[in-house]
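Structural overview
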Amino acid sequence: MACGSELLSPSPIEQPLAPATACDEKSAKALQFIEEVTKNTDSVQERVLEEIMRQNADTEYLKRFDLNGATDRKSFKSKIPVVTYEDLQPDIQRIANGDRSTIFCAYPISEFLTSSGTSAGERKLMPFIHEELDRRQLLYSLLMPVMNQYVPDLDKGKALHFLFVKAETKTPGGLVARPVLTSYYKSDHFKNRPFDPYNLYTSPNEAILCPDSFQSMYTQMLCGLIMRHQVLRVGAVFASGLLRAIRFLQLNWQQLSHDISTGTLSPKITDPSIRECMAKLLKPDPELAEFINMECSSEDWERIITRIWPNTKYLDVIVTGAMAQYIPTLDYYSGGLPKACTMYGSSECYFGLNLRPISDPSDVSYTIMPNMGYFEFIPHDDSSPLTLSRDSPPPLVDLAYVEVGKYYELVITTYCGLNRYRVGDILQVTRFHNTAPEFRFVRRKNVLLSIDSDKTDESELQRGIENASVLLKEFNTTVVEYTSYADTKSIPGHYVIYWELMIKNASRPPTNEVLNQCCLAMEESLNSVYRQGRVADNSIGPLEIRVVKNGTFEELMDYAISRGASINQYKVPRCVSFTPIMELLDSRVISVHFSPAAPHWTPERRR
Ligand code: AMP
């Protein structure tokens, strides 16, 4: 039975959680579960830690720290060190090479999840156990019950949600390594999910599971168009993914409309399972094709989402963190529809959900669910970063004891066998739901540039500059200063690097051709997630170098000092986004260069 008509309005107005109605027992149970665990944050955390410690007591890793079977917090905190991926890398490599002993976890490692965070240029490998799928599924099952409290009647239609699998590979020891969502979509939990009227997708599994990104996107878009009146929410995991879908429509609407008009599928779609399933769905519909021609041939694509999918109540996309840069473009294409950021998670662990999913992006907070893992927090202060040493244990704060307004770095202990692992996310406590804190996602540590799931840090950018500079040597030219900018005005977005050059032999400056090659040399130096975005996902456009006039960076310093920066402490910002600075840089550009080719990338790891 449908419920929700008596629930709250779909307007982007914050509402308190309402009690579930009797008509939806499953939803009511989910909401009750949230209430129970968030009312007992600290005791749930204590239980989770005890469970993890008991489960993994005999692992090689925990045995190194002389716990002698202790599972209590005090022993855990005094004996187990806080670590980063680099600390665990040698043990992770052993598992990748085929060592099946219980190194981190009592359960067998079923696969590796490849994080979009990188180490030495390659995706980090996160050991995963099959048992963890249930826990992650549980978090997914809470999302729609929460959403139903804010947006009624979501069981009356479908979600046009662009979901994709990505390339997977095998480690030398034979374990599969793939991104977390690829693993989830390929699992029985997703493929054989029970019928749920609140979670119906326009995309057939065949399209979602097709590894060819063009065929997958084409089919998902086609289905979305065919079912356009049934679509109640439009989304992708991240904002960048939804904008890529819009761009895809801009480039392919003629072929899509031809298929709809004739009831035939483009020959570009060769995947047999897609062809078979689309044969049942696709019927000639000249009227719909005419409508698509009319809307898409117009120069004006403002509000295209609501024009094509008029019943869309909200966009289901994450716009927090690095994705906030896409909010204006999403607003343009959707006429400012609410943007629901529903959950916060990672390959390492799913953390929690947004209990007010229809809130303004600037006000989004995620409640970390105390049952998902054991969570600790390193107080974070940009002006005096903490150095963690093994001799003086850091003052880590437990989940229930963080303070509103303060900033923290997240540290997790998981059922998969990560112990006191620094995720790299900086969060700020905004409020409490019962006794569970809610967090604003502030940023990922050490990320300078990001377009999609790529994360480029300062040292990677520096290495890119150094490698590209090698090409300038024969022209007796050096890069004297540089900065960067993530340009998301175009779709896909791309990295822009501003260069100030010192050309020692004015009669023989670097040629255009060489400066274009410098762009490619930079791309070749960037990490594998960046290169995958360029090559396989088409989620990142060619890197651009803008050469600026001599003296530009000095002007930049003058500008910063005029705004109060200390001349002694001034450092060239390695990434810029502040409009006056961008205007200054752009007004000094003397030449512009783009990468002439895609960098090298294969699913295989370089190490
Ligand atoms: P991955 O390990 O590739 O799945 O990436 C996980 C990371 O993505 C997290 O540690 C965050 O930095 C980021 N992330 C995940 N969910 C969100 C969110 N809702 N808002 C902002 N950033 C997020």
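Conventions used here
- Residues numbered from 1 in each chain as written.
- Predicted model: local features only at pLDDT ≥ 70, side-chain atom pairs only at ≥ 80, totals over all residues.
- Heavy atoms only, no water.
- pLDDT = per-residue confidence, 0-100.
- Contact = heavy atoms within 4.5 Å.
- Buried < 20%, exposed > 50% of the residue type's maximum accessible area, 1.4 Å probe, protein only.
- Helix = DSSP H or I, 4+ residues; strand = E, 2+ residues; numbered from the N terminus.
- Arc of directions from axis to C-beta.
- Phe/Tyr/Trp six-rings, centres within 6.5 Å; stacked < 30°, edge-to-face > 60°.
- Polar contact = N/O pair within 3.5 Å; in protein donor to acceptor, adjacent residues only side chain to side chain.
- Near = heavy atom within 4 Å.
- Areas by Shrake-Rupley, 256 points an atom, 1.4 Å probe, with all protein chains shown as cover.
- Nonpolar A, V, L, I, M, F, W, Y, C, P; charged D, E, K, R; others polar.
- UniProt positions renumbered as here; feature names shortened; annotations may be inferred.
- Disulfide = S-S within 2.5 Å.
- Expected span 1.5 Å × (residues − 1).
- Pairing = 2+ DSSP bridges.
- Axes fitted to C-alpha atoms, helices over the stretch in contact; angles between N-to-C directions.

1. Remarks on the confidence of the model for the chain
On average, the chain scores 93 in pLDDT, and the residues at 70 or more come to 94%. Note on residues 1-23: pLDDT is under 50 here. Beyond four places in sequence and across chains, it has 52 contacts.

2. Observations regarding helix H19 (residues 552-562)
Among the residues making up H19, those that are buried are Thr 552, Phe 553, Leu 556 and Ala 560. The buried residues of H19 occupy an angular sector of 95° when projected down its axis, which confines them to one face. Across H19 from its buried face, at more than 90 degrees, point the exposed residues Glu 554 and Ser 562. Elements that come into contact with the buried residues of H19 comprise strand S16 (477-487), strand S17 (494-503), strand S18 (544-548) and helix H20 (579-587). After H19 finishes, the residue Gly 564 shows a positive phi value of roughly 105°.

3. Overview of the packing of aromatic side chains
Per the counting criterion, the structure on display carries 20 aromatic pairs. Centre to centre, the rings of Tyr 344 and Phe 441 are 5.8 Å apart; their planes meet at 70°, and the pair counts as edge-to-face. Taken together, the positions of Tyr 344 in strand S8 (residues 343-345) and Phe 441 in strand S15 (residues 436-444) put the pair 97 residues apart, joining distant regions of the chain. The pair formed by Tyr 344 and Phe 441 is uniform in burial state, with each residue classed as buried. Through a chain of ring-to-ring contacts, the aromatic side chains of Tyr 140, Tyr 184, Tyr 185, Phe 190, Tyr 201 and Tyr 350 assemble into a single cluster.

4. Here we look at the side chain of Thr 306
Position of Thr 306 among the secondary structure elements: in helix H14 (residues 304-308). Looking at Thr 306, its side chain comes within polar contact range of the main-chain oxygen of Arg 303, at 3.1 Å. Not counting the four nearest positions on each side in its chain, Thr 306 is found in contact with Tyr 333, Ser 334 and Leu 337.

5. Considering the site of the ligand
Lining the immediate environment of the ligand, one finds 16 residues, of which Ser 116, Thr 320, Ser 347, Tyr 366 and Asp 425 sit closest. Within the contact set of the ligand, an oxygen atom lies 2.5 Å away from a side-chain nitrogen or oxygen of Ser 116. Taking Met 343, its main chain carries an N or O atom lying 2.9 Å from a nitrogen atom of the ligand. Calculation on the ligand without its partners gives an accessible area of 500 Å², and the protein chains cover 89% of this total. For the shell around the ligand, the elements supplying multiple residues, two or more each, are strand S1 (111-119), S8, strand S14 (421-433) and S15. It is S8 that contributes the most residues to the shell around the ligand, 3 residues altogether. Taken together, the residues of the shell around the ligand sort by class into 7 nonpolar, 6 polar and 3 charged.

6. A word on the UniProt feature "domain: GH3 C-terminal" (unreviewed entry) in the chain
Under the feature "domain: GH3 C-terminal" (unreviewed entry), the UniProt entry names residues 460-578. Across residues 460-578, the secondary structure splits into 36% helix and 22% strand, with the terminal C-alpha atoms separated by 22 Å.

7. A closer look at the state of the cysteines
Going through the model one piece at a time under the given rule, you end up with 0 disulfides. The closest cysteine sulfur to the non-disulfide-bonded Cys 349 is located on Cys 416, 8.1 Å from its own sulfur. A relative accessible area of 1% places Cys 349 in the buried class. With no disulfide partner, Cys 575 has as its closest neighbouring cysteine sulfur the one in Cys 519, 17 Å distant.

8. Digging into helix H5 (residues 85-96)
Look at H5: only 14 Å from first C-alpha to last across 12 residues, short of the 16 Å you get at 1.5 Å a residue. When H5 is considered as a whole, its buried residues turn out to be Tyr 85, Leu 88, Gln 89, Asp 91, Ile 92, Ile 95 and Ala 96. Of the surrounding elements, those touching the buried residues of H5 are helix H3 (60-63), S1, strand S2 (122-128) and S14. Residue Gly 98 follows H5 closely and has a positive phi angle near 115°.

9. Digging into the pairing of strand S13 (residues 407-413)
Buried residues dominate S13, accounting for 6 of its 7 residues. Sheet analysis places strand S11 (residues 374-379) next to S13, joined by 6 bridges and oriented antiparallel. Paired with Phe 377 across the two strands is Leu 410, which belongs to S13. One ladder, built from 5 bridges, connects S13 with S14; its direction is antiparallel. Paired with Val 411 across the two strands is Arg 422, which belongs to S14.

10. A closer look at the sheet that holds strand S6 (residues 231-238)
Taken in spatial order, the 3 strands line up as S3-S6-S7 in an open sheet, and their pairing is parallel. Because the sheet does not close on itself, it has two edges, and the strands there are strand S3 (158-162) and strand S7 (314-318). Strand-to-strand twist in this sheet, taken as the mean axis angle between neighbours without regard to direction, amounts to 20°. The pairing of S6 with S7 spans 4 bridges and is parallel. Residue pairing across strands places Phe 238 opposite Ile 318, the latter belonging to S7. Running at roughly 155° to S3, helix H10 (residues 213-226) makes contact with S3 and S6 of the sheet.

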